Each structure stands twice: as C-alpha cells, then as structure tokens.
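Single-letter residue listing:
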Amino acid sequence: GPRVFDTTIGRLGGVICFDQKFERLRFGYRDLNPDILTFASAYHGGFLQQQWAYECKCYYLTALRFYGGGVIDPLGQPVKLNTNYTRTMHATINLDRVLLKRGGNSHKFPLIEKKYQDEVTVDVPSYLGAALIHSNTDARSAMDIVEEFELELFDDYYARNIRENEENRRPRA
C-alpha cells in the first residue's frame, strides 16, 4: 500500500514498476499528499508518469533502465528528462508550491507577479485548467501568497463543486 515518509526535504513516497497501473494505489498516494514520489522501474509507463504527478500534486522522480526518466512537476510537465545519450540528469525542484484551479484565480496572477517579481513563479499551462505557484523566497511561502490574494486551491475548488452538485440534486420541497 501507499506509504509516505516525512524527511528533512519533504514527504516522500515510492512506486515501483507495474505499480503505476493501479489506480487504487495512486488514489492512496493522492490522499497522503506527498511532495515527491520516486519511481524506479524497467517499465516506462508513458503518460502514466504525468498522470501520477498531476493527480498526486507532487514531483515524480523516475529512474528507468533506459531513457525517458527524470523529473515531472505537479502539472505533469517534464522538468528535466534524461536522453538516449546519457542515463543521468540533474534538476533543482522547489517544494514550496501550491496547485490552484485556473478559473477564478487567473485574474490575480499578474498582480502576484507584479508585486513579487522573481520571488514567485506562476506557471499556467494553456492546455490545463490548473496553475502552479512557487515561492522563491524565505520571506513568504506559497501558502502565504494564497492567503494574501485569496486564491482558491485546486482541491478546495473541486470539493466546493461536488458539494454544490449534491445540493442541486436534492429534491426540492
């Protein structure tokens, strides 16, 4: 089953080989909120790497016996991957992050970037309804920015929508 260990660098979990195929395991990790999941395997898994990173809202570090391993960010985007020319790679990741729903928050992103400039990174891919904010300073955390700008977190958005859908389905007197 899923296990997460609190360490000095963050909450770590691990997945091996064919584990990637099991959605129950992925859901278990999603509920444990890891910062990093490691994946050592002879099986690449294709888009499943991105799916795990995105659904678990974590960095997904892969060590494969062939090319295609590396680091996937919480949006499912490659940070850095190895190639057929080298089996090793190096990447720096920032675990001070929050995942947000794009809608309802996006009008605030330019204000955040204007105020904090290089002290914040706001990543908003055009093809995904989510955004990732990193704090690049010890002066404030990513969660401090969420509170200051009254941003809605990804999970809170979906929980609110589920509640609203359930309320809308209730019989009316």
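Cut-offs applied
Along each chain, the written sequence defines residue order, and numbers are assigned to residues from 1. Local features are withheld for residues below a pLDDT of 70 in this predicted model, meaning they are given only at 70 or higher, and side-chain atom pairs are given and counted only at 80 or more; totals for whole chains, interfaces and linings count all residues. The side-chain values count all of the structure's non-hydrogen atoms but skip hydrogen atoms and water molecules. Should DSSP find at least two bridges between two strands, the strands are regarded as paired. Strands are runs of DSSP state E lasting at least 2 residues, helices are runs of H or I lasting at least 4, and numbering of each runs from the N terminus. In this analysis an axis means a line fitted to C-alpha atoms, helices contributing only their contacting stretch, and an angle means the value between N-to-C directions, from 0 to 180 degrees. Any two residues whose heavy atoms approach within 4.5 Å are treated as being in contact. Definition of a polar contact: a pair of N or O atoms within 3.5 Å, with one able to donate and the other able to accept a hydrogen when the atoms are protein atoms, and with sequence-neighbouring residues admitted only if both atoms are side-chain atoms. By definition here, a salt bridge exists when the distance from a side-chain nitrogen of Lys or Arg to a carboxyl oxygen of Asp or Glu is within 4 Å.

**Regarding the sheet that holds strand β2 (residues 10–16)**
1) Next: The strand order β1-β2-β3-β4-β5-β6 describes an open sheet built from six strands, whose pairing is mixed. One side of each edge strand has no neighbouring strand; the edge strands of this open sheet are β1 (4–7) and β6 (78–81). Between one strand axis and the next, the sheet turns by 20° as a mean value, whatever way the strands run.
2) Next: Sitting on the sheet, helix α2 (residues 48–56) is in contact with β2, β3 (36–41), β4 (59–64) and β5 (70–72), with an inclination near 155° to β4.

**Comments concerning the environment of G45**
1) Next: With respect to the element layout, G45 can be found in the loop between β3 and α2.
2) Next: Along the primary structure G45 and I9 are separated by 36 residues, whereas in three dimensions their C-alpha atoms are 26 Å apart.

**Focus on the environment of N105**
1) Next: Residue position: N105 is located in the loop between β7 (97–101) and α3 (109–116).
2) Next: With 72 residues separating them along the chain, N105 and N33 place their C-alpha atoms 22 Å apart.
3) Next: At a separation of 2.7 Å, a polar atom in the side chain of N105 contacts the main-chain carbonyl oxygen of K101.

**Notes on the pattern of salt bridges**
Pairs can form between side chains of opposite charge once their charged atoms are near each other.
1) Next: According to the stated counting rule, one finds ten salt bridges in the structure shown.
2) Next: A salt bridge links R26 to E55, with the nearest nitrogen and oxygen atoms 2.7 Å apart. With R26 in helix α1 (residues 23–32) and E55 in helix α2, the pair connects residues that are 29 residues apart, well separated along the chain.
3) Next: One continuous salt-bridge network, built from bridges that share partners, spans E23, R26 and E55.

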